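One letter stands for each residue in the lines below.
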Amino acid sequence: MSVKLLNYPITKKMLFCMLTIFIFSYDITSGSDSYDDYNEVFEDNIDNFYDIDIYHENYAQYQTANHVFYWLYTRDDTDGQMLNRSEPHMIESTTYDPENPIKVIVHGWLGSTQEKSGVCSYNVKSYFEVGNYNVICVDWKQYSTDLSYAVAKKRSKYIALDIVKVLLRITNNMTMGCYDTMHVIGHSMGAHIAGHVGKNLPGLDRITGLDPAKPMYEKSGPDDRLDMNDANYVDVMHTNAGQNGLNKSIGHMDYYPNGGSKQPGCVERSDKPGACSHCRSYHYYSHSIWSRDDYVAYRCPSWADFQADRCVNASKNLMGEFADRTKDDGVYFLEACVQD
């Protein structure tokens, strides 16, 4: 096999060398230790370069590192700074403070970190109204907006693996930040990505799922979606249950504001059914950060029982940032609203 580049013949062997040099250069800057694995992928497919299996585990991880970006926000830099993979820990030139808790926010399909009305923007503002944090927003928009939902779902596990790798680099294998202050928050498909982070980062303290996505997950087992075993504490908020979000309870504590399926104040669009209620989850969460006592929920068997005042003497808990993990596990209902 040979091709021509600028009228010079390029042989199969030369093409292979060019590819491996490129990959090796990338690995030096990214801190990857999988050069041999990537080499094997390309070597096995060199005769059919354009037919390389993009879902081969090592190739997918390599590609993911090129398409997922991380933005750090602190009180000293509320505009945020994209982390640099060429730095050993990716934070050397930032305002990261190992003394402050780490909040990791993962958007959903069709989302992005830069959305003014997205999960990252809403919650970053709220966190800095109440304290000092290292807020890291994971931007996987090159997959969430350029790929079909089904392909994005398949990529989600590799995105999670990349998040784990980056978190270990940032914290120097947890010596510059502790598991007991690390909290991963995910909206929609991002909630399931958060679950895969926990599956690959044993000891992760907390995961919050904001209306975890339903499509292609409703029949999934715990290994393929967010589950209560993915962190020491998993709390889940359901705001569009049964449509865009899962209805089943999958956390230690599952909250169903206003019954969990449709939220007050939402005027649903025919081209985006349920989208408003689906996004209400991160609006509620943002509000809970700076107004901790507004969302008091009651442990209750059903929304009908809650509306009939059959649970007024049941266990109470706060929905959102300040949920008390020492309270009874189970399903909680409440009436809630929020100003956009």
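As the structure is a computational prediction, the values presented were derived from the model and not from experiment.

Caption draft 1: Quick look at the nonpolar core. Ranked by internal contacts, the top residues of the largest apolar core, which has 41 residues, are Tyr70, Trp140 and Ile163. Only strand 3 (69–74), strand 5 (102–106), strand 6 (134–139), helix 6 (149–170), strand 7 (182–187), helix 7 (189–199) and strand 9 (233–237) provide two or more residues apiece to this core. Looking at this core element by element, the count peaks at nine residues for helix 6. The contacts of Trp140, once residues within four sequence positions are left out, are His67, Val68, Val106, His107, Gly108, Trp109, Ala152, Ile159, Met189 and Ile193. In terms of nonpolar packing, the next biggest core, distinct from the first, is built from 28 residues, Tyr133, Leu210, Tyr284 and Val338 among them.

Caption draft 2: Structural view of the packing of aromatic side chains. Applying the stated rule across the entire model yields nine aromatic pairs. Members of the aromatic cluster, connected to one another through ring pairs, are Tyr256, Tyr298, Trp303, Phe306 and Phe333. Here the basic side chain of Lys153 rests over the ring of Tyr217, its NZ or CZ set 4.9 Å away from the ring centre. Cation over ring: Arg292 sits above Phe322, and NZ or CZ is 4.2 Å from the ring centre.

Caption draft 3: Spotlight on helix 7. When you tally the buried positions in helix 7, you get ten out of eleven residues, the bulk of the element. By the burial criterion, the buried members of helix 7 are Met189, Gly190, Ala191, His192, Ile193, Ala194, Gly195, His196, Val197 and Gly198. Lining the buried residues of helix 7 we find strand 5, helix 6, strand 7 and strand 8 (206–210).

Basis of the calculations
- Note that residues are indexed from 1 along each chain, following the sequence as it is written.
- Side-chain atom pairs in this predicted model are given and counted only at pLDDT of 80 or more, local residue features only at pLDDT of at least 70, and totals for whole chains, interfaces and linings cover all residues.
- Note: side-chain values were computed over all heavy atoms of the structure, leaving out hydrogens and water.
- Residues enter a nonpolar core if they are buried and are Ala, Val, Leu, Ile, Met, Phe, Trp, Tyr or Cys, with the set joined through side-chain atoms within 4.5 Å.
- Burial here depends on accessible area, computed with a 1.4 Å probe over protein chains only, as a share of the maximum for the residue type. Under 20% is buried, over 50% is exposed, and the range in between is partly exposed.
- Starting at the N terminus, helices and strands are each numbered in turn, a helix being any DSSP run of H or I of at least four residues and a strand any DSSP run of E of at least two.
- Contacts are assigned to residue pairs that have any heavy atoms within 4.5 Å of one another.
- The criterion for an aromatic pair is that two Phe, Tyr or Trp rings (for Trp, the six-membered ring) have centres within 6.5 Å, with stacked assigned to planes under 30 degrees apart, edge-to-face to planes over 60 apart and tilted to the rest.
- Definition used: whenever NZ (Lys) or CZ (Arg) falls within 6 Å of the ring centre and also within 35 degrees of the ring normal, the charge is taken to sit over that ring.

Purely geometric numbers; function is a separate question.
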